[in-house]
Amino acid sequence: MCSSDLLHWAADLLAQALDLHDEASPEHIAVGVHLAEARLLLGTDPHAQQTLRTLATEATAAGDLRTAAHARLLLAALELPQPSAVEDALATVPIFEAAGDQLGLARAWLRVGQLRQLGGHYAEAEDLLRRALGYAVATDTQLELATVVGGLATSLWRGPTPVRDALAGCRALLAEHGAGHRAVRATVNCPQAVLLAYQGDYDEARALVQTSLQIITELGHAYGAVTLMIFAATLEGLAGQWDTAEDLLRHAAETSLARGDTLSHAAAAAGLTRACLEQGKDGAVLDGAEVIAVTGDPFLDAEIYGVKGRALAARGDEGPALHLADLALATAILTDSTACLATAELDRAHVLRALGEDAAAAAAAATARRLYLDKGHAVGVGWTAAFEGAS
């Protein structure tokens, strides 16, 4: 039996177990949460998220705070965070500690770490994720271990760690946790692939993402397919294949929206505006940017602001374009991501040049070049060279 069949089999067993318990019983609610989680992974139930919301409410009413906490953490991983998200996640820690629930503690600290990543604080997130890692290793649950280790790889990719050191860090994570855990390999491969693409190693990067796709297909994790589409598009954009990137991102945006995965939809939509901009589709950029909500993730929001600013500058809307270029830079500064800040500077340089501010544009491009060099982002250095050569 393949891994995908095992997940379907587990879902079937949980469905049968659900029927054995009275609907009002705590056991029925707890099994229902496990079943909804399995169906979320499989992508077979469009109502799984709503089911989790209902079960969380029922568990709270029944005094089963542990089951309610699990349901809410599962939901939180798919939704844009609310202002109280960190406090909500931390509030589950004493509940899980009292129950001796290692899986719950892994999920709680994972969520706090993910929220720091969504805030652009990748070095801080790494410390929190390492706290989650201890609990994930103790439970030896493949999904949680893979998500935590993949999160650590994401901090290496998006954070200030130079590419060469970040790649070494990814290899170390695989050496320590990859053996016997294919899902771990799938989650680490993707950030590692982007780091390789930063260096121009596109073929090796593409091969890693294809390997990850094969793994998550075999595991039956339908939700992971959208994430992999976004990573594949990122590689194509770095390689200059923006039409291919656009196709992948459009599919990812449509699929994630249909599933209610607002986090993935925001990432796909932000990338799609960039792909349209790089192909000269300024109208599509402005149309797309109008419907993208601010995510609260400065890594994504800086890109949305910068791309929209460039499209407005191309149209001659000086005031709004400069405002958005400055906003992109101010947003990127909130992060410790060298690449994010470099890209915001380069977007600002494009806006300034389009509006005739050549000296300011040259200064912004020089800053972008230095930041890309600090990260070891050779493709970004190439972008700045092309910009400077076009002056």
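Structure first, text after, so check above.
Residues numbered from 1 in each chain as written. Predicted model: local features only at pLDDT ≥ 70, side-chain atom pairs only at ≥ 80, totals over all residues. Heavy atoms only, no water.

Further remarks concern the overall build of the chain. Scanning the chain from terminus to terminus reveals 21 helices and 0 strands. Carbon and sulfur atoms form 56% of the exposed surface of the chain, whose accessible area is close to 16,600 Å². (Helix = DSSP H or I, 4+ residues; strand = E, 2+ residues; numbered from the N terminus. Areas by Shrake-Rupley, 256 points an atom, 1.4 Å probe, with all protein chains shown as cover.)

Turning our attention to the pattern of salt bridges. Applying the stated criterion across every chain, the model contains 18 salt bridges. The partner of Asp101 in a salt bridge is Arg66, with the nearest N and O atoms 2.8 Å apart. Of the two residues, Asp101 sits in the loop between α6 (93-99) and α7 (102-118) while Arg66 sits in helix α4 (residues 65-76), which places them 35 residues apart along the sequence. A salt bridge links Glu278 to Arg274; its shortest N-O distance comes to 4.0 Å. Within this pair, Glu278 and its partner Arg274 are both found in helix α15 (residues 262-278), separated by 4 residues, close to a single helical turn. Overlapping salt bridges bring together Arg274, Glu278, Glu303, Arg310 and Asp347 as one network. (Salt bridge = Lys/Arg side-chain N within 4 Å of Asp/Glu carboxyl O.)

Within the largest apolar cluster, 53 residues are counted, with the highest numbers of intra-cluster contacts made by Val149, Val194, Leu195, Tyr198 and Leu235. Top contributing element to this core by residue count: helix α11 (residues 182-198), with 11 residues. Sequence-distant contacts of Tyr198, defined by excluding residues within four places in its chain, comprise Trp157, Val163, Leu238, Ala339, Lys375, Gly376, His377, Ala378 and Val379. (Core = buried A, V, L, I, M, F, W, Y, C linked by side-chain atoms within 4.5 Å. Buried < 20%, exposed > 50% of the residue type's maximum accessible area, 1.4 Å probe, protein only. Contact = heavy atoms within 4.5 Å.)

Taking 1.5 Å per residue as the helical rise, helix α3 (residues 48-61) with its 14 residues ought to reach 20 Å, and the 20 Å between its terminal C-alpha atoms agrees with that figure. Listed as buried for α3 are Ala48, Gln49, Leu52, Leu55, Ala56 and Ala59. Relative to the axis of α3, the buried residues are bounded by an arc of 115° and lie together on one face. What points out from α3, more than 90 degrees from its buried face, is the exposed set Thr57 and Ala61. Downstream of α3 by a residue or two, Gly63 has a phi angle that is positive, lying close to 80°. (Expected span 1.5 Å × (residues − 1). Arc of directions from axis to C-beta.)

Moving on: the side chain of Gln192. With respect to the secondary-structure elements, Gln192 resides in helix α11. Excluding residues within four positions of it along the chain, Gln192 makes contact with Leu167, Cys170, Arg171, Leu174 and Leu208.

Bringing the packing of aromatic side chains into the picture now. In this description, a pair of aromatic rings is defined by centroid distance and the angle of the planes. Summed over the entire model, instances satisfying the criterion amount to 4 aromatic pairs. The interplanar angle of 55° and the centroid separation of 5.5 Å between the aromatic rings of Trp157 and Phe231 together place this pair among those described as tilted. On the criterion of sequence distance, the pair formed by Trp157 in helix α9 (residues 142-158) and Phe231 in helix α13 (residues 222-238) is long-range, its members being 74 residues apart. Both residues of the pair, Trp157 and Phe231, count as buried. Plain terms: the ring middles of Trp157 and Phe299 are 6.3 Å apart, the flat faces sit at 70° to each other, and that makes the pair edge-to-face. On the criterion of sequence distance, the pair formed by Trp157 in helix α9 and Phe299 in helix α17 (residues 298-314) is long-range, its members being 142 residues apart. Neither Trp157 nor Phe299 differs from the other in exposure class; each is buried. Chaining the aromatic ring pairs together yields one cluster made of Tyr122, Trp157, Phe231 and Phe299. A cation over a ring is seen here: Arg131 above Trp109, with NZ or CZ 3.9 Å from the ring centre. Its end group placed over the ring of Phe387, Arg353 keeps NZ or CZ at 3.6 Å from the ring centre. (Phe/Tyr/Trp six-rings, centres within 6.5 Å; stacked < 30°, edge-to-face > 60°. Lys NZ or Arg CZ within 6 Å of the ring centre and 35° of its normal.)

Mapped onto the fold, Leu324 is located in helix α18 (residues 318-333). Under the relative-accessibility criterion, Leu324 is labelled buried at 11%. Sequence spacing of Leu324 and Ile304 is 20 residues, and the spatial spacing of their C-alpha atoms is 9.1 Å.

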